[in-house]
Amino acid sequence: MAEDARILVEERLAAALLLSFTGGFTDVYSYLFRGQVFANAVTGNMVLMGLHLASGLWADCLKYLLAIVAYGCGVFAADAVRARLGGMRLVSWHQAILGLEIVLLTAAAFVPQGRADSFVNATISFVCALQVQTFRRVRGLPFASTMCTGNLRSGMDALYQGLTGTDAAGFGKARHYFGVIGAFILGAGGGAFLLRQWGPDVFLLAPLVLAVVFALFVAARFTRR
């Protein structure tokens, strides 16, 4: 029963919305201020890398390759943290991942723009991989907080099932998916506005939002005691 309660905390809609907001925000930041790299979108970076390869721009390929490799390392790291801390009761492995995300994004925010942009993008890619590998469900439904192609597919599928009567819970499922997509777009659009208005220092909003998610988990743990 305690395990089920713990899982529900990590699958809360509020947490999913905040994580998705951060996903959109970090992606627009890396594109606007760190060399037009989509730190979250591995597929997009692969396409851009292929495009630069075809154009003979070998040096420019490195920034995309670094982001892709960093993303893969993030998935590996998330699995390693889960294997080491999955049985801990005082601090969940989800909280440990969030803490690591907060530290890395805060550090990235203070790196000056310029030559180190590729490493900042790699750090953001690493963080996004940690997040998407750790937080996979919202209310029991599979989702991704740093990309939305799968969420759109799942949302439309659930909507179809609701409209045709195939699944009575289809409308509720679709609402969750579209909510997550909306939060991602809000993070990207709102982030672009704030970043353009007040500059790259606004990126500190990303670890701040993750800190709110961390606080939600801590509060839930104390409430259960």
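These lines cover the structure that appears in this document, whether it is placed above or below. (Residues numbered from 1 in each chain as written. Predicted model: local features only at pLDDT ≥ 70, side-chain atom pairs only at ≥ 80, totals over all residues. Heavy atoms only, no water.)

Further remarks concern the overall build of the protein. Along the backbone of the protein there are 9 helices and 2 strands. When the helices and strands of the protein are read in sequence order from the N terminus, they spell out α-α-α-α-α-α-β-β-α-α-α. Compactness check: the protein gives a C-alpha radius of gyration of 18 Å against a globular reference of 17 Å for 225 residues, within 12% of the reference. Taking the principal axes of the C-alpha coordinates as reference, the protein spans close to 55 × 45 × 35 Å. Across the 225 residues in the protein, those meeting the buried criterion constitute 44%. The contacts in the protein between residues at least 6 apart in sequence include a share of 72% that link residues at least 24 apart. Split by element, the accessible area of the protein, about 11,400 Å² in all, is 68% carbon and sulfur. Of the side chains in the protein, 18 bear a positive and 12 a negative charge, and the two mean positions are spaced by 5 Å. (Helix = DSSP H or I, 4+ residues; strand = E, 2+ residues; numbered from the N terminus. Rg over C-alpha atoms; globule rule 2.2 N^0.38 Å. Buried < 20%, exposed > 50% of the residue type's maximum accessible area, 1.4 Å probe, protein only. Contact = heavy atoms within 4.5 Å. Areas by Shrake-Rupley, 256 points an atom, 1.4 Å probe, with all protein chains shown as cover. Lys, Arg positive; Asp, Glu negative; His and termini not counted. Charge placed at Lys NZ, Arg CZ, Asp CG, Glu CD.)

A few words now on the nonpolar core. Core analysis: the biggest nonpolar cluster contains 36 residues, and Tyr29, Leu98, Leu105, Ile124, Leu195 and Phe203 have the highest contact counts within it. Secondary structure elements with two or more residues in this core: α2 (13–33), α3 (42–54), α4 (58–85), α5 (93–109), α6 (117–134), α8 (170–198) and α9 (205–224). Residues contacting Leu195, with those up to four places away along its chain left out, are Phe25, Val28, Tyr29, Phe33, Pro200, Val202 and Phe203. (Core = buried A, V, L, I, M, F, W, Y, C linked by side-chain atoms within 4.5 Å.)

Quick look at helix α7 (residues 149–164) now. In this model α7 runs 23 Å from its N-terminal to its C-terminal C-alpha over 16 residues, within 8% of the 22 Å that 1.5 Å per residue would give. Next to the buried residues of α7 lie α8. Immediately beyond the C-terminal end of α7, within one or two residues, lies Gly165, with a positive phi of roughly 80 degrees. (Expected span 1.5 Å × (residues − 1).)

As a further point, take the packing of α7 against α8. Relative orientation of the contacting elements α7 and α8 amounts to 155 degrees, with a least axis distance of 7 Å. Accordingly, the angle class assigned to the pair α7 and α8 is roughly antiparallel. Crossing geometry of α7 relative to α8 is assigned as left-handed. On α8, the residues touching Asn151, Leu152, Ser154, Gly155, Met156, Ala158, Leu159, Gly162 and Leu163 of α7 are Gly170, Phe171, Lys173, Ala174, Tyr177, Phe178, Val180 and Ile181. Partitioning the contact of α7 with α8 into residue classes produces 11 nonpolar, 5 polar and 1 charged. (Axes fitted to C-alpha atoms, helices over the stretch in contact; angles between N-to-C directions. Parallel < 35°, antiparallel > 145°, perpendicular 65-115°, else oblique. Left-handed = near helix turned anticlockwise from the far one by under 90°. Nonpolar A, V, L, I, M, F, W, Y, C, P; charged D, E, K, R; others polar.)

Attention shifts here to the environment of Val28. Relative to the assigned elements, Val28 resides in helix α2. In this view, Val28 contacts Gly187, Ala188, Gly191, Ala192 and Leu195; residues no more than four positions away in its chain are not counted.

Right, let's talk about the pattern of salt bridges for a bit. Oppositely charged side chains are able to pair whenever their charged atoms sit close together. According to the stated counting rule, one finds 2 salt bridges in the structure shown. A salt bridge links Asp117 to Arg34; the shortest N-O distance between them is 2.7 Å. Residue Asp117 is found in helix α6, and its partner Arg34 is found in the loop between α2 and α3; the two are separated by 83 residues along the sequence. On the basis of relative accessible area, Arg34 is assigned to the buried category, the value being 2%. Put simply, Lys173 and Asp167 hold a salt bridge, and the shortest N to O gap is 2.8 Å. Taking the relative accessible area as the measure of exposure, Lys173 reaches 28% and is therefore partly exposed. (Salt bridge = Lys/Arg side-chain N within 4 Å of Asp/Glu carboxyl O.)

This paragraph deals with unusual backbone geometry. Most peptide bonds are trans, and most residues other than glycine sit at a negative phi. Residue Gln36 is not a glycine yet carries a positive backbone phi of 55 degrees. For Gln36, the position within the fold is in the loop between α2 and α3. Of the residues examined, Gln36 reaches a relative accessible area of 46% and is grouped as partly exposed. In this structure, Arg139 takes a positive phi of about 55 degrees despite not being glycine. Looking at where Arg139 falls in the secondary structure, it is placed in the loop between β1 (137–138) and β2 (141–142).

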